[in-house]
Amino acid sequence: MQRSGIRPMPTYNPHMGGHMRITKKTKTIITFFLLLLILLGSVQRNTLSVQAEAAVPEKKVIKVAFPYIKGLSETDEKGNHQGLVVDYLNEIAKYTNWEYEYITGESEALITDFMNGEYDLLGGTFYSPDLETYFSYPDYTMGSNRAVLFCRKDNLDLRTYDLSTLNGKTIGVYEKADEKIRRLQEFLNFNGLECQLKYYKQKDMMNDTLYHHLENGEVDLLLGNDLEDIQNFRVIATFEAQPYYISVAHGEQEIMDELNMALRHILEGDPDFAEKHYALHFPEQRTADIQYDPEEVEYIKNAGKIRVAAVKDWHPYFCIDGDKQHHNGIIPDVLDEISESSGLEFTYCFADTYTDAIQMVQEGNADILGWFLDAEDAAREQGLALTKPFISMNNMIVKNNSVSYPSGNLTGAVLEGRVLPDDVQAENMVYYATTEASVKAVNQGEADFVYGLATSLETELQKPSYRNITPVTFYNTSTPVSFAMVRPVDPELLSILNKGISDIQEEEMDAITGRNFVSGSYVPVTLKELIYENPMAAVLIVAAFLLLILLIVVLIARSRVKSTVLQAELRRAEAESKAKGDFLSRMSHEIRTPMNAIAGLVDLTCMKEGLSGEVKGNLEKIRSSTKYLLALLNDILDMSRLDGGMLTIASEPFSLEHLLSEAEEMTRIQTQQKNQEFIFQTDITHSRVTGDPIRLRQVLTNLLSNAGKFTPPRGSITLKVKEEAFENGRAVYRFSVTDTGDGIAPEFQKQIFGVFEQLGTSSSKSEGTGLGLPISQNIVKLMGGELEVNSTPKKGTEFFFTLSLPVEAPEETNNPQKEPVSQEAFRGKRILLAEDNDLNAEIAEELLKMKGIRSERACDGQEAVFMFESHSAGYYDLILMDLQMPVKNGLEAAREIRSSPLSGGSTVPILAMTANTFQEDMDAAAKAGMNGFITKPVDSNYMYEILSEYL
């Protein structure tokens with residue numbers, strides 16, 4: 001493409017002659033020519049302006065198809081585009097003035113749209129003659145990827161350092177990788193290698209790779225590229241393979257011309273552009289993998305831990321357990337990498353100084369020196385051999401302010417064990433055990449300068465007490481740092497260390513140095529240095545510190561007094577709460593025990609034949625009174641537990657539809673008896689939820705019972721449940737109970753939630769305790785809702801609340817409906833009955849006997865364990881266990897039976913049958929190994945149903 005430029009305009013300078021006579025005609029002609037010149041000048045300026053504008057390329061928006069390809073074209077979570085393609089496009093834009101619109105998406109769709117001409121550019125394409133029918137290639141590439149020859153890790157015949165081992169081997173290649181195969185053949189010819197190529201088709205691939213052909217030994221090597229994840233194989237050699245191109249859509253010749261122009265300028269101005277940026281985006285590329293030979297593997301296996309001599313807490317080399325730094329140090333990190341690569345293990349031997357560490361290696365008290373800070377010649381003089389360097393460290397000179405460096409007759413300070421290089425001028429040398437001692441010597445004038453590691457000297461320079469020293473800025477040399485071992489060396493150990501160092505990737509080494517140098521600027525200030533630097537501030541700090549201590553003492557004293565009072569009150573409150581809980585549990589047990597006898601005797605009597613109608617009626621009245629007394633007891637206990645904060649809400653999966661169906665069935669029977677209409681409406685999508693079904697049923701039962709009390713005959717009661725919302729796995733349900741009773745006046749609508757509060761006629765008041773609504777309100781609050789009332793006098797009342805419940809996956813309902821329990825199912829079964837109360841035991845035995853079940857009674861837990869262990873396995877089909885018994889309670893007995901190695905104690909069903917009905921009692925029974933829980937007073941039908949599940 002020809003570049004536009006500004007063509008210079010000839011300048012006319014008229015020669016001024018002698019005097020001239022100007023006539024009127026002449027004036028007219030001159031005026032005409034002047035106007036013509038002005039007009040021409042204006043046109044010329046406009047032409048120059050247009051030419052100048054043409055010299056700057058017009059901004060053009062280029063649409064770039066941008067599929068995700070690691071290292072080539074990537075888009076981060078913030079929408080930033082990066083990769084080798086972006087680097088090239090940004091550089092190209094400097095020459096073309098292009099702006100880019102990156103279109104991201106699925107690779108296949110983007111490439112298809114690009115070939116259809118919807119986008120201008122696509123980067124990172126390989127050349128193929130077949131593709132030239134779809135898009136165009138520029139004259140210049142954007143670098144090449146790397147081809148990789150890799151083998152199995154256990155193939156020790158192939159060596160990276162001896163390519164002749166590839167002779168006669170078979171290399172697997174993909175038949176359509178024409179350019180890569182051509183480059184492979186060039187590589188083999190250049191190195192004088194003769195290998196057989198085995199070609200594979202698309203159908204020979206498994207999971208889009210040919211790895212399985214290498215794993216099963218069908219070929220010795222595979223030809224791949226450096227972007228493949230070949231962690232399970234070993235790289236033998238790499239070489240340049242297929243070049244990348246920035247392709248242009250067909251018909252965009254202007255874009256192609258500008259692209260070729262820009263690429264040519266990039267290659268001319270920076271020939272290494274492709275290589276540098278490829279390495280930037282593909283830092284993990286490998287040229288060859290380290291492999292340990294059999295002798296080295298055997299050495300690693302038998303070597304034990306290699307002893308490393310180190311100076312403890314010397315930043316940045318060794319910082320483990322140091323109280324000043326927050327990193328391990330370069331040496332531990334490098335050795336960790338070598339250990340991970342080779343399997344060799346290391347342990348540390350600590351010395352006080354650098355020269356002591358050298359001496360430990362020389363005397364055989366350590367295997368290697370953690371870091372040697374001078375060149376190979378200095379190591380040889382001390383009888384040491386060095387490994388490959390793993391890092392380079394800078395040295396520097398710090399001088400006393402009273403001297404000039406360089407100059408004659410100077411005394412230099414250096415760390416013991418180190419050698420002063422030839423380019424450092426000194427008349428005399430003084431050696432010091434530590435860097436700190438040498439810097440102090442220079443500061444005090446005992447030496448003129450100190451030569452040492454820049455990291456150590458810079459750390460000392462930050463201390464405020466050094467006022468007489470200055471760094472020499474023009475001197476800065478580097479020292480390669482290596483491990484050292486005594487001569488003659490162990491060849492396997494030296495080789496393993498060198499391979500381990502070579503196996504550390506450059507980016508990992510950068511990370512090691514970065515995290516270990518990050519705290520190099522931190523220097524703790526001692527109290528002495530603080531006082532030396534700021535004496536007045538030190539005095540003020542000490543005074544403030546003493547005042548603070550005095551204030552803290554006063555506050556601690558007051559806090560301890562207050563804490564003692566609070567702890568005493570807490571202990572008293574906990575004792576009262578425990579006493580209350582114990583009292584409630586004891587009272588519940590004591591009341592339910594005789595109630596169980598009453599209910600049991602009524603059930604037994606009702607089952608007898610030949611009873612008169614009057615007797616049956618009286619028994620039904622006793623049964624009804626017993627149920628009322630039990631409901632009253634439950635209400636009082638619930639209210640007491642709510643007041644004490646002891647009532648908790650369970651969280652278990654249940655069917656809301658099934659719970660509502662049970663409530664409907666119970667309420668419909670009651671309303672039919674009172675000649676009331678019952679309306680049941682549901683609109684729920686998710687029935688399987690998580691919550692407390694027992695407490696939810698209790699609330700609905702209380703509300704429906706209240707509605708029944710205050711609704712006259714021929715009135716209506718409505719239970720309505722609607723699912724209002726579903727989001728994030730939770731459904732919101734609105735529960736509503738409405739009646740057509742007398743309603744509640746506005747001034748009494750808050751009063752009804754008070755304890756023992758009752759409204760209505762005396763007959764309706766006598767039907768309850770006044771605890772149902774307060775209990776229901778508290779339960780709904782614990783569930784995360786609020787029980788509310790909406791009532792109009794003479795029209796009726798609505799109680800409603802809303803709950804948000806987690807939704808469970810629907811449960812499969814393929815189980816057939818349970819059939820009524822037949823007596824034949826129980827006949828011949830034997831049950832061990834553990835019950836200390838004679839009357840309750842007699843009732844239970846009679847109820848079991850009526851179903852054909854044989855029972856044997858134990859009067860306490862200890863006797864129950866003895867009777868069970870005295871018989872063989874299977875003698876007892878089930879155990880009914882009371883919880884509160886003398887000698888040994890039911891929980892202890894159940895645990896002992898479960899742990900018994902004899903008589904099938906781990907499998908026999910154990911059911912609790914007790915008057916202890918709190919949730920913690922049920923939890924304790926389950927924890928003791930019991931399978932079920934039957935509360936007293938015993939409902940005989942419920943007991944038979946539970947027994948049928950286990951017999």
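Definitions and limits used
- Residues numbered from 1 in each chain as written.
- Predicted model: local features only at pLDDT ≥ 70, side-chain atom pairs only at ≥ 80, totals over all residues.
- Heavy atoms only, no water.
- UniProt positions renumbered as here; feature names shortened; annotations may be inferred.
- Helix = DSSP H or I, 4+ residues; strand = E, 2+ residues; numbered from the N terminus.
- Buried < 20%, exposed > 50% of the residue type's maximum accessible area, 1.4 Å probe, protein only.
- Contact = heavy atoms within 4.5 Å.
- Areas by Shrake-Rupley, 256 points an atom, 1.4 Å probe, with all protein chains shown as cover.
- Pairing = 2+ DSSP bridges.
- Axes fitted to C-alpha atoms, helices over the stretch in contact; angles between N-to-C directions.
- Arc of directions from axis to C-beta.
- Parallel < 35°, antiparallel > 145°, perpendicular 65-115°, else oblique.
- Left-handed = near helix turned anticlockwise from the far one by under 90°.
- Nonpolar A, V, L, I, M, F, W, Y, C, P; charged D, E, K, R; others polar.
- Patch = residues over 30% accessible without salt bridge, like charges linked within 9 Å, V, L, I, M, F, W, Y side chains within 5 Å.
- Salt bridge = Lys/Arg side-chain N within 4 Å of Asp/Glu carboxyl O.
- Right-handed = clockwise from strand over helix to strand, strands pointing away.
- Phe/Tyr/Trp six-rings, centres within 6.5 Å; stacked < 30°, edge-to-face > 60°.
- Core = buried A, V, L, I, M, F, W, Y, C linked by side-chain atoms within 4.5 Å.
- pLDDT = per-residue confidence, 0-100.

Under an unreviewed UniProt entry, the name given to the protein chain is Circadian input-output histidine kinase CikA, and the source organism is Lactonifactor longoviformis DSM 17459. According to the UniProt record, the Sequence similarities (unreviewed entry) comment for the protein chain is "In the N-terminal section; belongs to the phytochrome family." You can read under Catalytic activity (unreviewed entry) in the UniProt record for the protein chain the words "ATP + protein L-histidine = ADP + protein N-phospho-L-histidine."

This paragraph deals with the overall build of the protein chain. Check the secondary structure of the protein chain and you find 27 helices and 33 strands. Counting all 951 residues of the protein chain, 41% fall into the buried class. Considering only intrachain contacts with a sequence separation of at least 6, the fraction spanning at least 24 residues in the protein chain is 73%. Counting only carbon and sulfur atoms, one obtains 52% of the accessible surface of the protein chain, whose full area is about 52,500 Å².

Strands sit in the order E4-E1-E5-E12-E6 across an open sheet of five strands; the sheet is mixed. In the strand order of this sheet, the two ends are held by strand E4 (98-103) and strand E6 (135-136), each with one partner. Bridge count between E6 and strand E12 (residues 245-249): two bridges; the pairing is antiparallel. Residue pairing for E12: Phe135 is matched across the bridge by Ala249. With respect to the sheet, helix H2 (residues 84-96) is in contact with strand E1 (60-65), E4, strand E5 (121-125) and E12, its orientation differing from that of E4 by roughly 150°.

Of all the residues in helix H27 (residues 940-950), the buried ones are Ser940, Met943, Tyr944, Ile946 and Leu947. The buried residues of H27 occupy an angular sector of 165° when projected down its axis, which confines them to one face.

Under the UniProt annotation, "modified residue: 4-aspartylphosphate" (unreviewed entry) lies at Asp882. Structurally, the position occupied by Asp882 is in the loop between strand E31 (878-881) and helix H25 (890-899).

The next subject is the packing of helix H9 (residues 330-342) against helix H15 (residues 506-517). At a closest axis distance of 9 Å, the pairing of H9 and H15 adopts a crossing angle of 155°. Relative to H15, the element H9 is oriented roughly antiparallel. For the pair H9 and H15, the sense of crossing is right-handed. Contacts between H9 and H15 involve Ile330, Asp333, Val334 and Glu337 from the first element and Glu508, Met509, Ile512, Arg515, Asn516 and Phe517 from the second.

It is worth spelling out the packing of helix H19 (residues 656-673) against helix H20 (residues 693-710) at this point. Viewed as axis vectors pointing N to C, H19 and H20 meet at an angle of 30°, and their least axial separation amounts to 11 Å. Looking at the two axes, H19 sits roughly parallel to H20. Two packed elements cross with a definite hand, and for H19 against H20 that hand is right-handed. Along its contact with H19, which presents Leu656, Leu659, Leu660, Glu662, Ala663, Met666 and Thr667, the element H20 presents Pro693, Leu696, Arg697, Leu700, Thr701 and Leu704. Among the residues making up the contact of H19 with H20, the classes are represented as nine nonpolar, two polar and two charged.

Once that is clear, we can look at a nonpolar patch on the surface. Together, Val542, Phe545, Leu546, Leu548, Ile549, Leu551, Ile552, Val553, Leu555 and Ile556 make up a nonpolar patch on the protein surface, roughly 890 Å² of accessible area in all. By the secondary structure assignment, Ile556 is in helix H17 (residues 535-606).

Okay, the pattern of salt bridges next. Summed over the entire model, instances satisfying the criterion amount to 27 salt bridges. Put simply, Glu376 and Arg487 hold a salt bridge, and the shortest N to O gap is 3.6 Å. Placement of the pair is Glu376 in helix H11 (residues 376-381) and Arg487 in the loop between strand E21 (469-486) and helix H14 (491-502), with a sequence separation of 111 residues. For Glu376, a relative accessible area of 31% gives the class partly exposed. Of the charged contacts in the structure, one is a salt bridge between Arg830 and Glu856, with a shortest N-O distance of 3.5 Å. Note that Arg830 is positioned in strand E29 (residues 830-834) and Glu856 in strand E30 (residues 854-858), a separation of 26 residues in sequence. Under the relative-accessibility criterion, Arg830 is labelled buried at 14%. What emerges from the salt-bridge pattern is a single network uniting Glu179, Arg182, Arg183 and Glu186.

What follows covers the pairing of E30. Pairing of E29 with E30, which is carried by five bridges, proceeds in the parallel orientation. Counted as the bridge partner of Ala834 is Ala858 from E30. At this point the chain moves from E29, through helix H23 (residues 838-850), to the parallel E30, and the crossover so formed is right-handed.

Turning our attention to the packing of aromatic side chains. Enumeration over the complete set of coordinates arrives at 28 aromatic pairs. The interplanar angle of 80° and the centroid separation of 4.9 Å between the aromatic rings of Tyr88 and Phe273 together place this pair among those described as edge-to-face. You can see Tyr88 sitting in helix H2 and its partner Phe273 sitting in helix H7 (residues 273-281), a full 185 residues away along the chain. When the ring of Trp314 is compared with that of Trp371, the centres are 5.6 Å apart and the planes differ by 65°; the resulting orientation is edge-to-face. Taken together, the residues Trp314 in the loop between strand E13 (305-311) and H9 and Trp371 in strand E15 (residues 368-372) connect sequence positions 57 residues apart.

The subject of this paragraph is the environment of Met913. Relative to the assigned elements, Met913 resides in strand E32 (residues 910-914). Judged by its relative accessible area of 3%, Met913 is buried. Those residues in contact with Met913, other than ones at most four positions away along the chain, are Leu833, Ala844, Leu880, Met881, Asp882, Ile934, Lys936, Val938 and Met943.

Ranked by internal contacts, the top residues of the largest apolar core, which has 52 residues, are Trp371 and Phe372. Ignoring anything within four residues of it in the chain, the contact list for Trp371 reads Ala310, Val311, Trp314, Tyr317, Phe318, Ile331, Tyr354, Val481 and Ser482. Of all hydrophobic cores here, the second largest spans 36 residues; its members include Ala663, Phe678, Leu700 and Leu773.

So, on to the sheet that holds strand E26 (residues 730-739). Ordered in space as E23-E25-E26-E28-E27, the five strands form an open sheet in which the pairing is mixed. The two strands at the open ends of the sheet, each matched to only one other strand, are strand E23 (677-683) and strand E27 (788-792). For this sheet the average axis-to-axis angle between neighbouring strands, irrespective of direction, equals 15°. Inspection of the sheet shows strand E25 (residues 716-727) paired to E26 by 10 bridges, in the antiparallel sense. Its bridge partner being in E26, Phe726 is matched across the sheet by Ala731.

In this section: the confidence of the model for the protein chain. Summary statistics for the protein chain give a mean pLDDT of 82 and a share of 83% for residues scoring 70 or more. For the stretch residues 519-523, pLDDT sits under 50, and the model shows 12 contacts to residues farther than four places along the chain or on other chains.

Where E32 lies against strand E33 (residues 932-935), four bridges are found, and the strand directions are parallel. Note that in E33 the partner of Leu911 across the bridge is Gly932. Regarding topology, helix H26 (residues 919-927) serves as the crossover connection from E32 to the parallel E33, and that connection is right-handed.

Moving on to unusual backbone geometry. Here His315 and Pro316 are connected by a cis peptide whose omega angle stands at 5°. By secondary structure assignment, the location of Pro316 is in the loop between E13 and H9. Cis geometry marks the peptide bond from Tyr405 to Pro406, where omega comes out at 0°. Counting through the fold element by element, Pro406 comes out in the loop between strand E17 (391-400) and strand E18 (411-415). Residues other than glycine seldom take positive phi values, yet Asp208 does so here, at roughly 65°. Secondary-structure assignment places Asp208 in the loop between strand E9 (196-200) and helix H5 (211-215). Here Asn675, not a glycine, exhibits a phi torsion of approximately 60°, which is positive.

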